[in-house]
Amino acid sequence: MHLITEAALNQSDKIAIIASGKSFSYKTLLQASQQFATHLLDVNNDLAGARIAFMVDPGFDYVKVQWGIWQAGAVAVPLCISHPLPSLQYVLEDTGATILVISPQYHDLLATYALEHSIRLIVVDRVPEPAIALMPNIDPQRNAMILYTSGTTNKPKGVVTTHANIAAQIKSITSAWQYAPTDHTLCVLPLHHVHGIINVVSATLSMGGTVEFVDSFSVDDIFSRFMKGDINVFMAVPTIYFKLIAAFEMLDVADRQQLKNAMKKFRLMVCGSAALPVSVMQQWQEVSGHVLLERYGMTEIGMGISNPYEGLRKPGSIGMPLPGVSVRLVDEHMQPIINGEAGEIQIKGENVFKEYWNKPDATAKEFTPDGWFKTGDVAVVEEGYYRILGRSSVDIIKSGGYKLSALEIEEVLRTHAMVDDCAVVGIADDEWGELVVAAVVAKVGLDQHQLNQWMRTQMPTYKTPRKYLLVKELPRNAMGKVVKNEVKTMFQ
Ligand code: MCA
Ligand code: AMP
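Computed from a predicted structure; not experimentally measured. Position labels on residues start from 1 in each chain and follow its written sequence. Key to labels: chains lettered from A, ligands numbered from 1, both in the order written. The predicted nature of this model means local features are confined to residues of pLDDT at least 70 and side-chain atom pairs, given and counted, to a pLDDT of 80 or more, with totals for whole chains, interfaces and linings taken over all residues. Only hydrogens and water are removed before side-chain values are computed, so all heavy atoms of the structure are retained for them.

(A) Examining the sheet that holds strand β16 (residues 326-330) more closely. Pairing in this open sheet of four strands is antiparallel, and the strands run β16-β17-β19-β20 from one edge to the other. Pairing within the sheet leaves two strands with one partner each, and these edge strands are β16 and β20 (385-391). Here the strands of the sheet are splayed against their neighbours by 45° on average, with no regard to which way each runs. As judged from the four bridges shared by strand β17 (residues 343-348) and strand β19 (residues 373-382), these two strands associate in the antiparallel manner. In this analysis, strands are considered paired if DSSP registers two or more bridges between them. Where helices and strands are cited, they refer to DSSP runs of H or I of at least four residues and of E of at least two residues respectively, numbered from the N terminus. Note on geometry: axes are lines fitted to C-alpha atoms, helical ones only across the stretch in contact, with angles between N-to-C directions running from 0 to 180 degrees.

(B) The nonpolar core, seen in detail. We call a set of buried Ala, Val, Leu, Ile, Met, Phe, Trp, Tyr and Cys residues a nonpolar core when their side-chain atoms join them within 4.5 Å. With a 1.4 Å probe rolled over the protein chains alone, any residue whose accessible area is under 20% of its type maximum counts as buried; one over 50% counts as exposed, and the rest are partly exposed. Counting residues in hydrophobic clusters, the biggest one holds 111 residues, and the most contacted among them are V101, W177, L205, F226 and F234. Sort the elements by how many residues they give to this core and helix α2 (residues 26-41) lands first, with eight residues. V101 has contacts with F36, I52, A53, F54, M55, V56, V65, I122 and V124, leaving out every residue within four places of it along the chain. Core analysis: the next-biggest nonpolar cluster, separate from the first, contains 22 residues, A53, Y90, V91 and V160 among them. Residue contacts are counted whenever heavy atoms from the two residues lie within 4.5 Å of one another.

(C) Molecular detail of helix α10 (residues 253-264). Expected helix span is taken as 1.5 Å per residue step, with the number of steps being one fewer than the number of residues. With 12 residues, α10 should cover 16 Å at 1.5 Å per step; its first-to-last C-alpha distance of 16 Å lies within 8% of that length. Inspection of α10 places L259, A262 and M263 among the buried residues, and these make up the whole buried set. Taken down its axis, α10 places every buried residue within 95° of arc, on the same side. Along α10, exposed side chains directed more than 90 degrees from the buried face belong to V253, A254 and K264. Buried residues belonging to α10 abut α8 (219-228), α9 (238-249), β12 (268-271) and α11 (278-288). Think of the arc as the fan of directions from the helix axis to the C-beta atoms.

(D) View of the sheet that holds strand β11 (residues 233-236). Reading across the sheet, the nine strands line up as β2-β1-β10-β9-β11-β12-β13-β14-β15 and stay open at both edges, with mixed pairing between neighbours. One side of each edge strand has no neighbouring strand; the edge strands of this open sheet are β2 (22-25) and β15 (320-321). When strand β9 (residues 184-187) meets β11, the two strands line up parallel, connected through two bridges. Paired with L186 across the strands is F234, a residue of β11.

Following this line, the structure appears as structure tokens:
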């Protein structure tokens, strides 16, 4: 990834990363990543698109491993550090990963699996520091990363981006939001999604800024770091701003004032990944003095549409197309909208992903014949600003900033011995955006607590239903299809 490593060469002694109480310069990061790439290369001179999965905590090692994978010519597959084994296995099998890099604490979870599947296991703190080998020359059109996204199919799909895609995604936001070497960004987001990987970490490092990591998500920790006065950029999902507002209100007057003073000095605060409620935007302005910059993105496209850095940031709106991104709205006949009506957002540009991994049919289905990517999000344009109205599928849920597939959750629920049938929906929730809930037709004697615990062994917690409703039967239409909107009303 030339864009990022070039910045590292130019910045040298500047601090790139702060994590777990330590600071690491660009020079240290680049050297460590090249040593790691050398270790990965072993006897090869180019890993030629091999998939390397890594389950590494956010921090110096994460970035070292990611850069090492890229420099060795392999494809980075970041795993979610809170996923249970079945979810990890799915990604490892789907990508055919041949190398797995882990933080030491994930050894017990994954070592046996790696051994049984002949996957080379590398524990990140037990890597030698070899003399740096010659790195392969990487064509920008080569695959760089695979991220998993839930959609209208029951299993998550691997979104493949090339080096050129990632570079375009980075260039677009760094110019629009004026990233600078003086940026000091706090990373509180998970690093298996675009928001954390591209917007927070990669874009900041590409411009020579500093990324500071937290050990785990904690509102108190975020506030105490804000109060130190170094951090000047923050990006998060609406749920996190909601949580910060609630915590701010619990502080005493002196702490509030100190925090306000620190936040006033920030250069930028961004919100995205899910609709930002106008009330949260307004409350955050009172708390921090900042008008949140709301933007719209997707795993498949990086960022597409954004409120302006300078100019009116319109509440309830996602703004205008970002530089280098073409955006259009189309009606149900795929005709571009010209009369101000609502339509599906479609996107074209170098930022758009290459394909779904090993899924040519799914890839073809999501593009128009003339190369526009169909987002499935419906919007209108009002005075030049796009406003999201909803999604074309009721089976996609956004909760805590995560995109979830109702079908995927239902599929897992149905494998429980006591569950005969079920319907999963998202219901509106102030804190989480949408809350995952499930109507369940069950055998007599189902223990809901046990079901909930069991689901958490099968899926990451953020995908599991928050409420279960036991029903005799699910509401169906004349065709026998479950009517999801009726299921939603059952929870009101
Ligand atoms: C967790 N909890 C929930 C949910 N998640 N309750 C309801 N709904 C949920 N979705 C509960 C847990 O069960 C637990 O309760 C308690 O909250 C704490 O759980 P934990 O997992 O520790 O949550 P957290 O650490 O407080 O995390 C909340 C969070 C996290 C920080 C908001 O969800 C998060 O990092 N979200 C961001 C995701 C993200 O980066 N999305 C970007 C993808 P109990 O103890 O009772 O079990 S979208 C993207 O990349 C595109 C390109 C874009 O546009 O950005
Ligand atoms: P993901 O695939 O996890 O990257 O999620 C992408 C989806 O998040 C988009 O298709 C939208 O539905 C949603 N999304 C992202 N940003 C926003 C936003 N600012 N407002 C509303 N929805 C958003």
